[in-house]
Amino acid sequence: MASVQNSVNDDAKKEVIGSLLSKADPPSKKVLSSYDFNASYKANLEKLKAHNASRPRTHVLSPIDLLNIHLFHDASNFTAKDRPEYYSEKRRNALRYVLNKLKTDYPDLHKHPMYMFGDFNFRLNTRDVIEYLCGGTTQTQTFANDGDLKAIDYLRAMDRQTILRLEIKKFDYYDMGRFTMQAAREFRKFDHEYHTFVGELHELPIRFPPSYPYSEDLSCGNQFLGTRCPSWCDRIFASPTGMKAVKDSPVEPVYNSLSPDGCVGDHKPVFLAFTLRINEEGDYTGDYTADFKDIADYTAENTAEYTADNTADYAADLAADYTDIADYTAEYTADYTADYAADFMDIADYTTEYSAEYTADNTADYTADFTADYTDIAVYTAEYTADYTADFTAEYAADYKYIVKYMLNTQLTTG
């Protein structure tokens, strides 16, 4: 929003606004064509110029253009992962068409501030975000009965825990709060879609969490919905002249999102607050046109400033992210070491206890089994010995009788 500080009195404002409204065409049920809208816009500009020409310099008014926009969304997380450019290219083409149309139909548009705002649906590069979050994991895929891919689970190697489940309309990361910590600065490097328009559209640095998608549960307004990768979809951009006005604001501009903890739908509204300064003579357009010999000069200057600001922000973000990662690693390593040591002690205790029980149990079982086997062997030996002795004695006696009889017969025959 902008507040205009100048010397235009209320009567003059009412006169101009009333005049414009009274001469405007009545509302129509049909949608105005591009030609009708352009003609109406140009006619109103001519009326404004005529008013300025007929008034003292202190009563000059300058137009401010506000353009709302809504671009294409991502339909499938699988497509966004495999081909992130599929959707982003459609959005870039649509926005390029709008900017070219503005230049063609409103050649003087650059002379006064223009602000473009709405749901641009700019998304983080889903493929790069997944690689960043899930590096070193393994994947498992689930398929529907018709053979279509239903889900991808990313499993952490050390404990096989699912840290991300991806479906067509599900982006369920196990720590979604990470996207709100420190305004999600670690993910700003994946916000690429705006870069195509740097120099034409300008934006203050983003220092608020992604604006989409939030839970629509009234009790969970600060939690992400888990359907898409959180992104800064809702933005406010300014033309070069518009950004010059923002940076010349006598009050520090504020670029932020509304209702961080409340539920206002799946998008968090974004606002830009500043004070629009008018020079002493009220000719805002002339003032800013005179400041720059050519818009390209301002664009070059602002682009350099944008690059410097964002480089500094990125360096600070990277340092903060590195500290967070180091803290997390130290904390996680300590926890893991402690858990591992405890587990190892548990295993050692269990092994000792189990070995003692196993040895005692098996010694008793072995002794009993061996004693029983030994008894069986003794019984068998006694039985076998008795049988063998009886059999052998009987056979030996029979053989002895036979020998004696044979010897007697031999003697009688020879004698």
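Presented here is a report on the structure given in the accompanying data block. All of these numbers come straight from a predicted model, not from anything done at the bench. (Residues numbered from 1 in each chain as written. Predicted model: local features only at pLDDT ≥ 70, side-chain atom pairs only at ≥ 80, totals over all residues. Heavy atoms only, no water.)

### Some words on the nonpolar core
Here's step 1: One finds Val129, Leu133, Tyr154, Phe171, Phe179, Phe187 and Tyr255 to be the most contacted residues of the largest nonpolar core, which totals 36 residues.
Here's step 2: Taken together, the elements giving at least two residues each to this core come down to helix 5 (126-134), strand 5 (149-155), strand 6 (162-167), strand 7 (170-173), strand 8 (234-238), helix 6 (240-247) and strand 10 (270-277).
Here's step 3: Not counting chain neighbours up to four residues away, the residues in contact with Phe187 comprise Leu124, Val129, Tyr132, Leu133, Arg178, Phe179 and Trp232. (Core = buried A, V, L, I, M, F, W, Y, C linked by side-chain atoms within 4.5 Å. Buried < 20%, exposed > 50% of the residue type's maximum accessible area, 1.4 Å probe, protein only. Helix = DSSP H or I, 4+ residues; strand = E, 2+ residues; numbered from the N terminus. Contact = heavy atoms within 4.5 Å.)

### Looking at the packing of aromatic side chains
Here's step 1: One pass over the full model with this rule turns up 15 aromatic pairs.
Here's step 2: Here the aromatic residues Tyr132, Tyr173, Tyr174, Phe179, Phe187, Phe190, Tyr214 and Phe224 are joined through ring pairs into a cluster of three or more.
Here's step 3: The cationic tip of Lys90 hangs over the ring face of Tyr86; the distance from NZ or CZ to the ring centre is 4.9 Å.
Here's step 4: Against the face of Tyr174 rests Arg156, its NZ or CZ located 5.7 Å from the ring centre. (Phe/Tyr/Trp six-rings, centres within 6.5 Å; stacked < 30°, edge-to-face > 60°. Lys NZ or Arg CZ within 6 Å of the ring centre and 35° of its normal.)

### Some remarks on helix 4 (residues 85-105)
Here's step 1: The end-to-end C-alpha separation of helix 4 is 29 Å, in line with the 30 Å expected for 21 residues at 1.5 Å each.
Here's step 2: Within helix 4, the full set of buried residues consists of Tyr87, Ser88, Arg91, Ala94, Leu95, Leu99, Leu102 and Asp105. The buried side chains of helix 4 occupy one side of the element, clustering within an arc of 145 degrees when seen end-on. Pointing more than 90 degrees away from the buried face of helix 4 are the exposed residues Tyr97, Lys103 and Thr104. (Expected span 1.5 Å × (residues − 1). Arc of directions from axis to C-beta.)

### Examining empty space enclosed by the protein
Here's step 1: All chains considered together, the criterion is met by two cavities of 30 Å³ or more.
Here's step 2: One number sums up the size of the largest cavity: a volume of about 50 Å³.
Here's step 3: Around the largest cavity, the lining residues are Asp74, Asn77, Ala80, Arg123, Thr126, Phe171, Arg228 and Cys229.
Here's step 4: Residue classes in the lining of the largest cavity are distributed as three nonpolar, two polar and three charged. (1 Å grid on protein atoms, 1.4 Å probe; cavity = no way out; pocket = protein on both sides within 12 Å on 5 of 7 lines; lining within 4 Å. Points joined across faces, edges and corners; volume = space filled by probe spheres on them. Nonpolar A, V, L, I, M, F, W, Y, C, P; charged D, E, K, R; others polar.)

### Let's talk about the state of the cysteines
Here's step 1: Enumeration according to the criterion identifies zero disulfides in this entry.
Here's step 2: The thiol sulfur of Cys229 is not disulfide-bonded, and the nearest other cysteine sulfur, from Cys233, lies at 9.5 Å.
Here's step 3: What makes Cys229 buried here is its relative accessible area of 5%. (Disulfide = S-S within 2.5 Å.)

### Focus: the side chain of Arg123
Here's step 1: Looking at the secondary structure, you find Arg123 in the loop between strand 3 (114-119) and helix 5.
Here's step 2: In this structure the side chain of Arg123 is engaged in a polar contact, spanning 2.7 Å, whose partner is the side chain of Asn121.
Here's step 3: Apart from residues no more than four positions distant in its own chain, Arg123 is found in contact with His73, Asp74, Arg91, Phe190, Glu193, Tyr212, Arg228, Ser231 and Cys233. (Polar contact = N/O pair within 3.5 Å; in protein donor to acceptor, adjacent residues only side chain to side chain.)

### Considerations on the pattern of salt bridges
Close approach of charged atoms lets side chains of opposite charge pair.
Here's step 1: Counted under the stated rule, the structure contains 15 salt bridges.
Here's step 2: We note a salt bridge from Arg96 to Glu200, for which the minimum N-O separation is 2.7 Å. Taken together, the residues span a long stretch of sequence, with Arg96 in helix 4 and Glu200 in the loop between strand 7 and strand 8 at a distance of 104 residues.
Here's step 3: By relative accessible area, Glu200 is classed as partly exposed at 24%.
Here's step 4: Its salt-bridge partner being Glu203, residue Arg235 comes within 2.8 Å of it at the nearest N-O pair. Placement of Arg235 in strand 8 and of Glu203 in the loop between strand 7 and strand 8 is noted, with a sequence separation of 32 residues between them.
Here's step 5: With a relative accessible area of 1%, Arg235 lands in the buried category.
Here's step 6: Relative accessible area serves as the criterion here: at 7%, Glu203 is assigned to the buried category. (Salt bridge = Lys/Arg side-chain N within 4 Å of Asp/Glu carboxyl O.)

### Some thoughts on unusual backbone geometry
Here's step 1: For the bond from Tyr212 to Pro213, the omega torsion is -5 degrees, close enough to zero to count as cis.
Here's step 2: Structurally, Pro213 can be placed in the loop between strand 7 and strand 8.
Here's step 3: Unlike most non-glycine residues, Asn121 shows phi in positive territory, near 60 degrees.
Here's step 4: In this fold, Asn121 is placed in the loop between strand 3 and helix 5.
Here's step 5: Asn121 gets classed as buried once you look at its relative accessible area, which sits at 4%.

### A few points about helix 5
Here's step 1: Among the residues making up helix 5, those that are buried are Thr126, Val129, Ile130, Leu133 and Cys134. Each buried residue of helix 5 sits inside an arc of 105 degrees when the element is viewed along its axis, so together they form one side.
Here's step 2: Here the buried face of helix 5 lies against helix 3 (77-82), strand 5, strand 6 and strand 7.
Here's step 3: Gly136 sits one or two positions beyond helix 5 and adopts a positive phi of about 85 degrees.

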